Amino acid sequence: MRLSVPFFILLLLSACGAGQSAKGPALGYDLPSASNPANGLLLIYRPKQSWRAAARQYPEVRIDGTPIGSLKYNGYLQFEASPGQHQLTLTGLSEEASRWDFKDRSVPVTLRAGETTYVQVVARFDETSNTLGSPGMGHELQLTPVGEEQARYSLPGMKESK
């Protein structure tokens, strides 16, 4: 009986740190580009965070209303399309999303031929929700367009969301 209690505690503690991380192939130091130079590439990613806010939750990502996949913690999705303005939406109202309790967020993104557009998704603890008598701290969601330089340092090792 003594052996099973420490084993159970170890198992429980290891499960606490486990999130729904991406499992696909990892990116290297060479950033992806569109396979057709006449198209643009959108790369949306969700980096690791030391506080792992909402790590077990993930949204479905849609471009112009078409689902392209689920964006898991420490993961990325890429989408190649014709140049011009497109609508990027993150939603929890889907079978592909998992416990994503944020309201839907949409932002316009502009793709240019032969270029990659990067968008970083970060779930943070909302300090304004930490009040006496509240059941717990809430989260806020940030969708931030980033430049190639920041993406170059954020993306290596990140895995494709599947």
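Residues numbered from 1 in each chain as written. Predicted model: local features only at pLDDT ≥ 70, side-chain atom pairs only at ≥ 80, totals over all residues. Heavy atoms only, no water.

Trainee: Go over the overall build of the chain with me, naming the residues and quoting the values.
Mentor: Within the chain, the regular secondary structure consists of 2 helices and 9 strands. When the elements of the chain are put in sequence order from the N terminus, they spell out α-β-β-β-β-β-β-β-β-α-β. Taking all 162 residues of the chain together, 40% fall into the buried category. Considering only residue pairs separated by 6 or more positions, the chain has 72% of its internal contacts joining residues 24 or more positions apart. For the chain, the exposed surface amounts to about 9,600 Å²; the carbon and sulfur share of it is 54%. (Helix = DSSP H or I, 4+ residues; strand = E, 2+ residues; numbered from the N terminus. Buried < 20%, exposed > 50% of the residue type's maximum accessible area, 1.4 Å probe, protein only. Contact = heavy atoms within 4.5 Å. Areas by Shrake-Rupley, 256 points an atom, 1.4 Å probe, with all protein chains shown as cover.)

Trainee: How would you summarise the environment of Leu42 if you had to cite specific residues and measurements?
Mentor: With respect to the helices and strands, the residue Leu42 is situated in strand S1 (residues 40-46). Sequence separation of Leu42 and Phe79 is 37 residues, and the distance between their C-alpha atoms is 5.1 Å. Once residues within four sequence positions are removed from consideration, Leu42 is found in contact with Ile63, Leu77, Gln78, Phe79, Leu88, Val109, Leu111, Thr117 and Val119.

Trainee: Which residues make up the sheet that holds strand S2 (residues 60-63), and what values go with them?
Mentor: Strand order in the open sheet formed by 4 strands is S3-S2-S5-S6, and the pairing between neighbours is antiparallel. Lying at the two open borders of the sheet, with one neighbouring strand each, are strand S3 (66-70) and strand S6 (105-111). Recorded for the sheet is a direction-independent mean angle of 25° between the axes of neighbouring strands. The pairing of S2 with S3 spans 4 bridges and is classified as antiparallel. Within S3, the position partnered with Val61 by the bridge is Gly69. (Pairing = 2+ DSSP bridges. Axes fitted to C-alpha atoms, helices over the stretch in contact; angles between N-to-C directions.)

Trainee: Lay out the pattern of salt bridges with the relevant residues and their values.
Mentor: One pass over the structure, following the stated rule, counts 2 salt bridges. The salt bridge partner of Arg62 is Glu60, with a shortest N-O separation of 2.6 Å. For Glu60, a relative accessible area of 5% corresponds to the buried category. Put simply, Arg152 and Glu148 hold a salt bridge, and the shortest N to O gap is 2.7 Å. Of this pair, Arg152 and Glu148 both sit in helix H2 (residues 148-154), 4 residues apart, which is roughly one turn of the helix. A relative accessible area of 32% means that Arg152 is categorised as partly exposed. (Salt bridge = Lys/Arg side-chain N within 4 Å of Asp/Glu carboxyl O.)

Trainee: Give a description of the packing of aromatic side chains that names residues and reports values.
Mentor: Under the counting rule described, the total for this entry stands at 0 aromatic pairs. One Lys or Arg, Lys72, reaches over the ring of Tyr58 and ends 5.0 Å from the middle of that ring. (Phe/Tyr/Trp six-rings, centres within 6.5 Å; stacked < 30°, edge-to-face > 60°. Lys NZ or Arg CZ within 6 Å of the ring centre and 35° of its normal.)

Trainee: Break down the side chain of Thr89 for me, citing the residues and quoting the values.
Mentor: Here Thr89 is to be found in strand S5 (residues 84-91). Under the relative-accessibility criterion, Thr89 is labelled buried at 14%. There is a polar contact of 2.7 Å between the side chain of Thr89 and the side chain of Ser106. Once residues within four sequence positions are removed from consideration, Thr89 is found in contact with Glu60, Val61, Arg62, Arg105 and Ser106. (Polar contact = N/O pair within 3.5 Å; in protein donor to acceptor, adjacent residues only side chain to side chain.)

Trainee: Would you mind going over the environment of Lys23 in detail, with residue names and values included?
Mentor: Along the chain, Lys23 turns up in the loop between helix H1 (4-16) and S1. A relative accessible area of 66% means that Lys23 is categorised as exposed. Residues Lys23 and Glu160, spaced 137 residues apart in sequence, show a C-alpha to C-alpha distance of 6.6 Å. Every residue in contact with Lys23, bar those within four places of it in the chain, is listed here: Lys159 and Glu160.

Purely geometric stuff here, so don't read any function into it on its own.
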